[in-house]
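Residue strings, one per chain:
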Amino acid sequence: TTMCTSGMVLAKAGIGYNTNLDGKTAAIVSSDFIVDLWIVEAESHINDIARYDFTAVYTSLDANKRKLLQEIASSYAAMYAIQYDFTGFSSRTAAEDKINFLNNTVLRGLKLLEEDKTQSFIGAA
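Residues numbered from 1 in each chain as written. Predicted model: local features only at pLDDT ≥ 70, side-chain atom pairs only at ≥ 80, totals over all residues. Heavy atoms only, no water.

## Considerations on the pattern of salt bridges
Test applied: We define a salt bridge as a contact between a side-chain nitrogen of Lys or Arg and a carboxyl oxygen of Asp or Glu at a distance within 4 Å. Elements are defined by DSSP. Helices are runs of H or I of four residues or more, strands are runs of E of two residues or more, and each kind is numbered from the N terminus. Exposure classes here rest on a 1.4 Å probe applied to the protein chains alone. A residue is buried below 20% of its type maximum, exposed above 50%, and partly exposed in between.
Under the defined criterion, the tally for this structure stands at two salt bridges. Two residues, R92 and E96, come together in a salt bridge whose shortest N-O distance is 3.0 Å. Of this pair, R92 and E96 both sit in helix α5 (residues 92-114), four residues apart, roughly one helical turn. On the accessibility criterion, R92 (54% relative accessible area) is exposed. Note that K117 and E115 form a salt bridge whose closest N and O atoms lie 4.0 Å from each other.

Here it is in structure tokens:
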């Protein structure tokens, strides 16, 4: 993973996420931690929307300019962490509300990334 850590994802998922997603138990696919797979998917989605490989140049970007990419990737992956298992949340509605909030964050961030001026500012163009 490049744009965020699994800890960022789980912090956004909140208190009710399934504890099997802590990297120590059942949430392993092949040899990969499932949250890391969701992060990599998010990174690919970001790159596809922007039509630019931010993953390849991420470490060369100014730290403040990485934050939008970090926010999108961690929010995207956090939605999957929540939907993995709703039972830890106070209600299904509470989990869905959290997913809706995160989805709005992702959509807002991706919309910004579609703009040439944002990509220029970050350093993609």
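From this point, the discussion proceeds with the structure in view.
## Details of the packing of aromatic side chains
Rules: Only the six-membered ring of Trp is used, alongside the rings of Phe and Tyr, when aromatic pairs are assigned; centres must lie within 6.5 Å, and planes under 30 degrees apart are stacked while those over 60 apart are edge-to-face, with the rest tilted. Think of it as a cone above the ring: NZ of Lys or CZ of Arg counts as a charge over the ring if it is within 6 Å of the ring centre and within 35 degrees of the ring normal.
Taken as a whole and assessed by the stated rule, the structure comprises four aromatic pairs. Taking 6.0 Å as the distance between ring centres and 65 degrees as the angle between the ring planes, the aromatic pair formed by W38 and Y84 counts as edge-to-face. Of this pair, W38 sits in helix α2 (residues 34-50) while Y84 is found in the loop between α4 (63-83) and α5, placing the two residues 46 residues apart along the sequence. In this structure W38 comes out as buried when scored by relative accessible area, which is 8%. Owing to a relative accessible area of 33%, Y84 belongs among the partly exposed residues under this scheme. Taking 5.0 Å as the distance between ring centres and 65 degrees as the angle between the ring planes, the aromatic pair formed by Y52 and F54 counts as edge-to-face. Residue F54 is classed as buried on the basis of its relative accessible area, which comes to 0%. For the cation-ring pair, K65 lies above F121, with the distance from its terminal atom to the ring centre recorded as 4.5 Å. Positioned above the aromatic ring of Y58 is the side chain of R66, whose terminal nitrogen or guanidinium carbon lies 5.2 Å from the ring centre.

From the geometry alone we can't say anything about function, so treat these as descriptive.
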